[in-house]
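Inside the fold
In case you want the letters, here they are:
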Amino acid sequence: MALVSVQDICAYYRTEIYGISRTVRAVDGVSFELNPNEIYGVAGESSCGKTTLIKVISGNIKPPLKVYSGSVNYHFWSHDVDMLHISPEELRDNLRWKEISYVMQGSMSVLNPVRKIIKTFEDIVDTHEGIPDKKKFFEQAREHVNRLGLPTEVLTSYPHQLSGGMRQRVAIALATVFQPSLIIADEPTTALDVVVQRGVLQMIKDIQAMSNNTVLLVTHDMAVHANVADRVMIMYAGRIAEEAPTEIVFNAPLHPYTQHLIHSLPMIGERSNKVSLRGAPPNLANPPSGCRFHERCPYVMDICRTEVPELVTVRAGHRVACHLVKENSL
Amino acid sequence: MSATDKLLDVQHATVEFHIGGLVGGSLIVAVNDVSFSLDMDQPEIFTLAGESGSGKTTLSRLLLRDLEPTRGRVLFEGRDLATIRNRSEFKEFMKSVQPVFQNPFETFSPLRRVDAYLFDTALNFEMAPDRQTAARVVDEALQNVGLSLEEVSHRYPHELSGGQTQRVSVARALISQPKLILADEPVSMVDASLRMEIVNLFRKLRDEQKVSVIYITHDLATAYYISDRIGIMLRGFIVESGPVEDVLDRPLHPYTKLLKESVPKPAPKERESWAKHISLGTTEVKEYDRVGCKFAGRCPQVMDICRQIDPPDVQIEQRIVKCYLYTEHTGEPSPGKPT
């Protein structure tokens with residue numbers, strides 16, 4: 001059974017300033033499932049709704065963001081949780097950090113700059129479970145970071161003493177103290193260099209392999225998905241364009257947007273001419289009619305301008321939203 | 001060799017920053033004995049690549065005369081930048097060397113129309129006597145980047161896409177008809193579907209406008225795509241430089257090898273080699289303080305001498321490698337060495 005099933009989520013930002021109301025349709029009719037023991041990648045450009053989707057999944061919905069329809073259901077081994085109808089107390093006490101944890105982009109803003117790392121560990125564990133014995137807790141924390149391949153001295157360092165890669169790995173170590181079922185990693189390596197990025201992503205992979213949990217990896221970098229994710233979802237302008245196992249996304253993409261993304265990636269050792277798509281990503285306050293990609297699509301047809309393409313399953317595990325693709329065609 | 005056949009000639013440039021108080025503190029050598037040059041009559045795209053903290057941006061500030069080297073010289077068209085003393089000489093220099101910055105939304109003030117910047121540049125550099133003629137100059141520059149004055153006039157930065165704003169930023173740099181453009185991470189903030197148009201633009205400028213470009217990036221894949229030559233930086237040193245095909249297809253320096261291996265390939269089939277575990281530095285400053293080769297702590301082929309004295313530059317065919325592995329032999333790496 002799926003760990004998380006997301007059904008037809010519509011989440012909009014609604015603002016009213018001086019009587020002018022504006023609705024940004026950040027996530028519009030998105031459905032997918034996260035399975036236990038997998039790394040699920042979400043790809044897409046900036047402002048395609050990736051971060052809004054994460055907010056909805058993690059139950060972090062605050063105005064002006066509002067969920068207008070759909071459901072997010074978690075199926076933990078002991079109980080089920082309806083994320084959109086849960087009390088804030090229950091979310092804080094039982095779910096956040098224990099079952100669902102979050103690794104963010106800028107690790108410097110996660111760690112308190114004036115406190116040693118061990119103090120940050122204490123803060124988090126104390127809030128959620130309480131620490132009866134600080135000495136014993138230090139031992140547990142040491143064991144935890146060592147198991148993740150970090151040296152013990154990081155615990156007694158201040159954040160500024162650590163390198164960027166080490167800080168990000170400490171942030172990941174913090175996110176995994178309670179062995180959560182779901183780790184959400186939002187652009188965890190975007191600010192890092194390639195060598196450090198490799199180290200951090202390897203750590204995420206190792207943790208996943210060790211504890212068999214689910215990792216939701218959100219990044220715009222397709223090359224990262226190619227190396228880390230098991231399945232990848234491509235988002236465009238608040239909707240799912242394509243979802244498939246990583247191999248298929250890279251070797252046989254069906255949606256024109258995915259095809260462009262894959263084919264425009266420069267690679268070392270290959271210099272064929274690469275081009276950009278015409279136009280720009282649409283403004284979600286006023287999205288185009290029909291298929292939201294139609295203004296930029298090289299294969300645009302009349303139907304694309306008026307009708308929204310349905311997300312159809314073309315073969316097991318491969319879903320595409322495009323008028324060019326027919327259901328069960330492969 | 002006379003100095004004037006070089007457009008830009010960096011000779012043993014070193015920049016040191018003193019960190020800390022009057023007493024004690026530490027010295028960071030951000031750019032360490034860097035030398036390279038660009039030819040006058042053959043425009044090219046030269047990439048400076050390296051991790052954050054490798055000195056790329058400090059080096060670019062040096063080339064823009066925003067900083068003076070602690071030691072060494074930077075010559076532009078045979079003239080030492082340190083001899084530029086007054087404003088009008090500096091303006092002449094700025095006319096020939098123009099920057100393009102990383103984030104297009106930070107380059108332009110959100111409260112000001114983007115075309116105002118273009119007109120300002122045209123008038124400041126005296127490319128046009130009045131606004132009417134300036135409009136023509138501005139339009140010409142915009143045409144070069146695939147835009148027109150009609151499209152951008154009276155537009156604020158938020159009304160344009162990231163790709164368009166970055167193209168306006170390049171157009172602004174082109175107004176003074178520079179000989180050299182310094183682009184510091186020009187595509188890292190631009191969306192993936194628009195990134196290649198900016199990258200292709202630099203290629204077009206080199207071929208059609210005969211402008212040389214120094215492209216500063218950490219992205220080796222786009223560097224390989226556009227550049228002619230590349231210099232790999234590590235903690236202030238250029239550890240390997242030469243034609244991009246040589247350096248990235250057949251890297252010699254162990255650091256370049258690691259860097260190339262670490263670039264994730266957009267091909268799920270090649271996961272295995274990338275998944276090989278690597279060691280990362282724990283703290284930030286240790287590598288700067290290290291005497292000798294800065295890579296010695298992470299290098300798989302480290303020797304005793306690497307930890308004692310800075311490695312020399314070794315010329316191998318068309319490239320220069322800063323590594324003891326190549327000191328005795330020129331050409332092929334010495335035999336009997338683990339690879």
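Here the structure is shown first, and the text comes after it.
A brief look at the structure comes next. (Residues numbered from 1 in each chain as written. Chains lettered and ligands numbered in written order. Predicted model: local features only at pLDDT ≥ 70, side-chain atom pairs only at ≥ 80, totals over all residues.)

Time to look at the interface of chain B and chain A. Interfaces are often described in size by the accessible area the parts lose on coming together. Residue-level contacts link 39 residues of chain B with 40 residues of chain A. Within the residue set of the side of chain B that touches chain A, elements represented by two or more residues are α8 (192-209), α9 (220-226), α10 (244-249), α11 (254-262) and α12 (271-274) of chain B. Among the elements that make up the side of chain B that touches chain A, the one with the highest residue count is α8(B) (six residues). Its residues assigned to classes, the side of chain B that touches chain A shows 19 nonpolar, eleven polar and nine charged. (Contact = placed C-beta atoms within 7 Å. Helix = DSSP H or I, 4+ residues; strand = E, 2+ residues; numbered from the N terminus. Nonpolar A, V, L, I, M, F, W, Y, C, P; charged D, E, K, R; others polar.)

Attention now moves to the sheet that holds strand β3 (residues 45-50) of chain B. Residue and element names in this part refer to chain B. Ordered in space as β6-β7-β8-β3-β9-β10-β12-β11, the eight strands form an open sheet in which the pairing is mixed. At either end of the open sheet lies a strand with only one pairing partner, and these are β6 (97-100) and β11 (313-316). Adjacent strand axes in the sheet meet at a mean angle of 20 degrees, parallel and antiparallel pairs treated alike. Pairing between β3 and strand β9 (residues 229-234): five bridges, direction parallel. Opposite A49, over in β9, you have I232 as the bridge partner. (Pairing = 2+ DSSP bridges. Axes fitted to C-alpha atoms, helices over the stretch in contact; angles between N-to-C directions.)

What follows covers the nonpolar core. Ranked by size, the top nonpolar core spans 182 residues in total, and within it L216(A), I214(B) and I232(B) carry the most contacts. Residue contacts for I232(B): discarding those within four places in its chain leaves A49(B), G50(B), I238(B), V239(B), E240(B), S241(B), V247(B), H253(B), Y255(B), T256(B) and L259(B). (Core = buried A, V, L, I, M, F, W, Y, C linked by C-beta atoms within 7 Å. Buried ≥ 20, exposed ≤ 12 C-beta atoms within 10 Å, placed from the backbone.)

Residue and element names in this part refer to chain B. In spatial order, the strands read β2-β1-β4-β5; together these four strands make up an open sheet with antiparallel pairing. Each having just a single partner strand, β2 (26-39) and β5 (79-80) make up the two edges of the open sheet. Direction of pairing for strand β1 (residues 6-19) relative to β2: antiparallel, over a ladder of ten bridges. Along β2, the bridge assignment pairs L8 with L38.

This part is about the packing of helix α5 (residues 164-175) of chain A against helix α6 (residues 194-211) of chain A. Residues and elements named next belong to chain A. Two numbers describe how α5 lies on α6: the axes approach to 9 Å, and their chain directions differ by 15 degrees. Relative to α6, α5 is oriented roughly parallel. Crossing of α5 against α6: the hand is right-handed. The segment α5 lies against α6, with G164, G165, Q168, R169 and I172 engaging V196, G199, V200, M203 and I204. Per-class residue counts for the contact of α5 with α6 are five nonpolar, four polar and one charged. (Parallel < 35°, antiparallel > 145°, perpendicular 65-115°, else oblique. Left-handed = near helix turned anticlockwise from the far one by under 90°.)

Time to look at the pairing of strand β7 (residues 182-186) of chain A. Residues and elements named next belong to chain A. Within β7, four of the five residues are buried, which leaves the element mostly enclosed by the surrounding structure. Across four bridges, strand β6 (residues 100-103) lies against β7 in parallel orientation. Note on β7: the bridge partner recorded for V103 is A185. Sheet topology note: the β7/strand β8 (residues 214-218) ladder contains five bridges and is parallel. Bridging from a neighbouring strand, I183 pairs with V215 of β8.

Residues and elements named next belong to chain B. Structurally, S212 is set in strand β8 (residues 212-217). Judged by the 23 C-beta atoms lying within 10 Å of it, S212 falls in the buried class. Each C-alpha atom, one on S212 and one on V97, is 9.6 Å from the other, the two residues being 115 residues apart in sequence. Excluding anything up to four places from it in sequence, S212 contacts L7, L38, P43, E44, K179 and L180.

The next subject is the packing of helix α7 (residues 162-174) of chain B against α8(B). Residue and element names in this part refer to chain B. Contact geometry of α7 with α8 gives a least axis separation of 9 Å together with a crossing angle of 15 degrees. Looking at the two axes, α7 sits roughly parallel to α8. Considering the relative orientation of α7 and α8, their crossing is right-handed. Side by side, α7 and α8 meet where G162, G163, Q166, R167 and V170 of the first sit next to L194, E197, I198 and L201 of the second. Here the contact of α7 with α8 is built from residues that sort into four nonpolar, three polar and two charged.

Turning our attention to unusual backbone geometry. At the junction of P63(A) and P64(A), the peptide bond is cis and its omega measures out at 5 degrees in the coordinates. A positive phi angle is found at H12(B), which is not glycine, with a value near 45 degrees. Counting through the fold element by element, H12(B) comes out in strand β1. For H12(B), a count of 12 C-beta atoms within 10 Å gives the class exposed. One non-glycine residue, D33(B), lies in positive phi territory at about 50 degrees. On the secondary structure map, D33(B) appears in strand β2. Exposure remark for D33(B): the 17 C-beta atoms within 10 Å place this residue in the partly exposed category.

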